[in-house]
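Working through the structure, step by step
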Amino acid sequence: MKYSSHIENLENTQCVYRPTMAYALLKYLKYPIIGLLLTFAVLLVPVNNGYEISVFNALGKLVLGLFLLIYLYKVIYLTKTTYSFQNEHLEITKGLFSIQNDYVQYYRIKDLKRFRSFGARIINTMDLTLITSDKFNRSILMYGIPNDKALPNELRNLVERERANKRVFEVD
């Protein structure tokens, strides 16, 4: 398996993209922030109603721990996602405990959109959206993949070549 930033000579190699760790950490940063805010809110509750302060400390730690576990799960889940460009199809693998594989034939890709937010530009990543005619995957969102300016054009050329090879014509 070749990890590549370009789809070159796809007939002989396999190119794999996956979201970067920096993108995943930034995308889900809201969870530890919410956990910290809720922890401070719980700890600032006045203790005049007969409860001991240790109960509120334990509750605050539980809330923070829960949000940190959610954050960790989401980051690992996103970074385990792979987008593998095979000879005739795109294979998308998602999951941490249960693995899901989706396959989309290249000739089913109708359009693509490249998006780079301010944060993504800082860490040099992009989101690529593929609009397809596939029944199960109408749109495929490739989050946080390394920025490759040539990828959309090379993918577009690959789609056109597959359509010509299979003699498939798009009818809307």
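This text gives an overview of the structure that appears in the document. (Residues numbered from 1 in each chain as written. Predicted model: local features only at pLDDT ≥ 70, side-chain atom pairs only at ≥ 80, totals over all residues. Heavy atoms only, no water.)

1. Description of a nonpolar patch on the surface
The cut-off we apply is this: Each patch is built from residues that are more than 30% exposed by relative accessible area and take part in no salt bridge. Like charges join if they lie within 9 Å; nonpolar side chains (Val, Leu, Ile, Met, Phe, Trp, Tyr) join within 5 Å. Under the convention used here, a 1.4 Å probe and the Shrake-Rupley method define accessible areas, while residue burial counts only the protein chains that appear. Any Lys or Arg side-chain nitrogen found within 4 Å of a carboxyl oxygen on Asp or Glu counts as a salt bridge. Helix numbering and strand numbering both begin at the N terminus, where a helix is a DSSP run of H or I of at least 4 residues and a strand a DSSP run of E of at least 2.
A contiguous nonpolar patch, built from Leu26, Leu29, Ile33 and Leu37 and spanning about 370 Å² of accessible area, is present on the exposed surface. Along the chain, leucine 29 falls in the loop between α1 (21-27) and α2 (30-43).

2. What to know about the environment of glutamine 86
Checked against the element boundaries, glutamine 86 lands in the loop between β2 (82-85) and β3 (89-94). When the C-alpha positions of glutamine 86 and tyrosine 103 are compared, they lie 9.8 Å apart, and in sequence the two are 17 residues distant.

3. Examining the sheet that holds strand β7 (residues 139-146)
Backbone-to-backbone hydrogen bonds join strands into a sheet, with any given pair of strands oriented parallel or antiparallel. Rules: Only strands that DSSP links by at least two bridges are regarded as paired with each other. Think of each axis as a best-fit line through the C-alpha atoms, taken over the contacting stretch in the case of a helix, with angles from 0 to 180 degrees between the N-to-C directions. In this description, contact between two residues means that some pair of their heavy atoms is separated by no more than 4.5 Å.
Across the sheet, three strands lie side by side as β5-β6-β7; this open sheet has antiparallel pairing. Because the sheet does not close on itself, it has two edges, and the strands there are β5 (109-115) and β7. Neighbour-to-neighbour, the strand axes of this sheet turn through a mean angle of 20°, independent of strand direction. Strand direction decides the pairing type here: strand β6 (residues 125-132) and β7, joined by six bridges, are antiparallel. Following the sheet pairing, threonine 125 is matched in β7 by proline 146. Most of the contacts of helix α5 (residues 151-166) go to β5, to which it runs at about 180°, and overall it touches β5, β6 and β7.

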